[in-house]
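One letter stands for each residue in the lines below.
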Amino acid sequence: AKRRAYASTISYLTPPADNAGLYKGLQELSELVRSYQGLRENGQRGPTIVNSIIATARTCNLDKDITDLPEEDFDTKEIDIEERDNIVGKVYRRLMEIESRALPM
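Here the structure is a predicted model, which means the values were calculated and not measured. (Residues numbered from 1 in each chain as written. Predicted model: local features only at pLDDT ≥ 70, side-chain atom pairs only at ≥ 80, totals over all residues. Heavy atoms only, no water.)

Novice: For the overall build of the protein chain, give the residues involved together with the corresponding values.
Specialist: A tally of helices and strands in the protein chain yields 4 helices and 2 strands. N-terminal to C-terminal, the α/β element order of the protein chain is α-β-α-α-α-β. Within the protein chain, buried positions represent 30% of all 105 residues. Taken as a whole, the protein chain presents about 7400 Å² of accessible surface, with 50% of it coming from carbon and sulfur. (Helix = DSSP H or I, 4+ residues; strand = E, 2+ residues; numbered from the N terminus. Buried < 20%, exposed > 50% of the residue type's maximum accessible area, 1.4 Å probe, protein only. Areas by Shrake-Rupley, 256 points an atom, 1.4 Å probe, with all protein chains shown as cover.)

Novice: I'd like a rundown of unusual backbone geometry, residues and numbers included.
Specialist: Despite not being glycine, Lys-24 has its phi angle at roughly 45°, a positive value. Exposure remark for Lys-24: the relative accessible area of 74% places this residue in the exposed category. In the Ramachandran plot, Asn-61 falls in the positive-phi region, its phi being about 65° despite a non-glycine side chain. On the secondary structure map, Asn-61 appears in the loop between helix H3 (45–59) and helix H4 (81–99).

Novice: Give a description of the packing of H3 against H4 that names residues and reports values.
Specialist: As a packed pair, H3 and H4 sit with axes 11 Å apart at the nearest point and diverge in direction by 35°. At the point where H3 passes H4, the crossing takes the left-handed sense. Residue-level inspection shows Pro-47, Val-50, Ile-53, Ile-54 and Ala-57 of H3 in contact with H4, the latter providing Arg-84, Ile-87, Val-88 and Val-91. Of the residues that constitute the contact of H3 with H4, the class distribution is 8 nonpolar, no polar and 1 charged. (Axes fitted to C-alpha atoms, helices over the stretch in contact; angles between N-to-C directions. Left-handed = near helix turned anticlockwise from the far one by under 90°. Contact = heavy atoms within 4.5 Å. Nonpolar A, V, L, I, M, F, W, Y, C, P; charged D, E, K, R; others polar.)

Novice: Give me the pattern of salt bridges: which residues, what numbers.
Specialist: Scanning the entire structure with this criterion turns up 5 salt bridges. The salt bridge involving Asp-63 is made with Arg-58; its shortest N-O contact spans 2.8 Å. Looking at Arg-58, the relative accessible area reads 16%, which means it is buried. For Asp-68, the salt bridge is made with Lys-90, and the minimal N-O distance between the two is 2.4 Å. Of this pair, Asp-68 sits in the loop between H3 and H4 while Lys-90 sits in helix H4; the two residues are 22 residues apart in sequence, bridging distant segments of the chain. Given a relative accessible area of 48%, Asp-68 falls into the partly exposed group. (Salt bridge = Lys/Arg side-chain N within 4 Å of Asp/Glu carboxyl O.)

Novice: Could you give an account of H4, with specific residues and numbers?
Specialist: Relative to the 27 Å expected for 19 residues at 1.5 Å per residue, H4 spans 26 Å between its end C-alpha atoms, a close match to the ideal helical length. Turning to H4, its buried residues number three or more, namely Arg-84, Ile-87, Val-88, Gly-89, Val-91, Arg-94, Leu-95 and Ile-98. Where H4 is buried, its residues contact helix H2 (24–39) and H3. (Expected span 1.5 Å × (residues − 1).)

If you want it as C-alpha coordinates, here you go:
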(Lines give C-alpha, C1' and ligand atoms only; values in the text may rest on other atoms or scores of the structure.)
Protein backbone atom coordinates (compact mmCIF):
# COMPACT_ATOMS: atom_id res chain seq x y z
CA ALA A 1 0.00 0.00 0.00
CA LYS A 2 2.89 2.38 0.72
CA ARG A 3 4.40 1.91 -2.72
CA ARG A 4 1.14 2.75 -4.50
CA ALA A 5 0.86 5.98 -2.54
CA TYR A 6 4.37 7.00 -3.60
CA ALA A 7 3.62 6.17 -7.23
CA SER A 8 0.58 8.40 -7.33
CA THR A 9 2.47 11.41 -5.97
CA ILE A 10 5.12 11.06 -8.66
CA SER A 11 2.53 11.34 -11.40
CA TYR A 12 1.54 14.83 -10.21
CA LEU A 13 4.98 16.31 -10.79
CA THR A 14 5.36 18.73 -13.65
CA PRO A 15 7.71 17.51 -16.37
CA PRO A 16 11.07 19.23 -16.64
CA ALA A 17 11.35 21.87 -19.38
CA ASP A 18 14.20 22.62 -21.75
CA ASN A 19 14.77 25.21 -24.47
CA ALA A 20 13.19 24.26 -27.77
CA GLY A 21 16.29 25.00 -29.84
CA LEU A 22 16.37 25.24 -33.61
CA TYR A 23 16.11 22.54 -36.24
CA LYS A 24 16.24 22.05 -40.02
CA GLY A 25 15.76 25.31 -41.93
CA LEU A 26 15.79 27.44 -38.81
CA GLN A 27 19.26 26.14 -37.93
CA GLU A 28 20.48 27.01 -41.41
CA LEU A 29 18.93 30.48 -41.06
CA SER A 30 20.72 30.98 -37.75
CA GLU A 31 24.04 30.07 -39.39
CA LEU A 32 23.37 32.57 -42.19
CA VAL A 33 22.69 35.31 -39.63
CA ARG A 34 25.97 34.49 -37.86
CA SER A 35 27.90 34.60 -41.11
CA TYR A 36 26.30 37.95 -41.97
CA GLN A 37 27.44 39.38 -38.65
CA GLY A 38 31.02 38.62 -39.65
CA LEU A 39 30.78 39.75 -43.28
CA ARG A 40 28.31 42.66 -43.08
CA GLU A 41 30.97 45.24 -44.03
CA ASN A 42 31.89 43.30 -47.19
CA GLY A 43 30.26 45.08 -50.14
CA GLN A 44 29.71 41.94 -52.18
CA ARG A 45 29.14 39.15 -49.64
CA GLY A 46 26.92 41.14 -47.26
CA PRO A 47 24.01 41.75 -49.68
CA THR A 48 24.28 38.20 -51.02
CA ILE A 49 23.95 36.73 -47.52
CA VAL A 50 20.97 39.01 -46.78
CA ASN A 51 19.28 37.76 -49.97
CA SER A 52 19.86 34.19 -48.76
CA ILE A 53 18.49 35.08 -45.31
CA ILE A 54 15.31 36.50 -46.85
CA ALA A 55 14.82 33.44 -49.08
CA THR A 56 15.41 30.99 -46.22
CA ALA A 57 13.12 32.96 -43.88
CA ARG A 58 10.34 32.74 -46.46
CA THR A 59 11.00 29.00 -46.87
CA CYS A 60 10.62 28.58 -43.08
CA ASN A 61 7.37 30.61 -43.16
CA LEU A 62 8.80 33.40 -41.02
CA ASP A 63 7.27 35.90 -43.44
CA LYS A 64 3.97 35.28 -41.61
CA ASP A 65 5.59 36.48 -38.36
CA ILE A 66 7.75 39.25 -39.83
CA THR A 67 5.24 41.40 -41.68
CA ASP A 68 7.60 43.76 -43.54
CA LEU A 69 10.05 41.14 -44.81
CA PRO A 70 11.05 42.01 -48.42
CA GLU A 71 10.04 39.77 -51.31
CA GLU A 72 12.46 37.06 -52.45
CA ASP A 73 13.19 38.83 -55.75
CA PHE A 74 14.16 42.04 -53.90
CA ASP A 75 17.87 42.80 -54.35
CA THR A 76 19.47 44.06 -51.13
CA LYS A 77 22.40 45.57 -53.06
CA GLU A 78 20.09 48.54 -53.69
CA ILE A 79 19.74 49.42 -49.99
CA ASP A 80 22.29 50.68 -47.47
CA ILE A 81 23.90 48.68 -44.68
CA GLU A 82 21.58 50.03 -41.96
CA GLU A 83 18.47 48.76 -43.74
CA ARG A 84 20.12 45.37 -44.28
CA ASP A 85 21.01 45.27 -40.57
CA ASN A 86 17.37 46.07 -39.77
CA ILE A 87 16.11 43.15 -41.89
CA VAL A 88 18.62 40.72 -40.39
CA GLY A 89 17.82 42.02 -36.89
CA LYS A 90 14.12 41.26 -37.29
CA VAL A 91 14.86 37.72 -38.45
CA TYR A 92 17.37 37.25 -35.61
CA ARG A 93 14.88 38.44 -32.96
CA ARG A 94 12.26 36.00 -34.23
CA LEU A 95 14.80 33.16 -34.23
CA MET A 96 15.73 33.93 -30.62
CA GLU A 97 12.05 33.88 -29.62
CA ILE A 98 11.60 30.47 -31.23
CA GLU A 99 14.81 29.07 -29.76
CA SER A 100 14.11 30.20 -26.22
CA ARG A 101 10.66 28.64 -25.92
CA ALA A 102 10.45 26.06 -23.15
CA LEU A 103 9.31 22.56 -24.11
CA PRO A 104 8.78 19.59 -21.82
CA MET A 105 11.55 17.03 -21.98
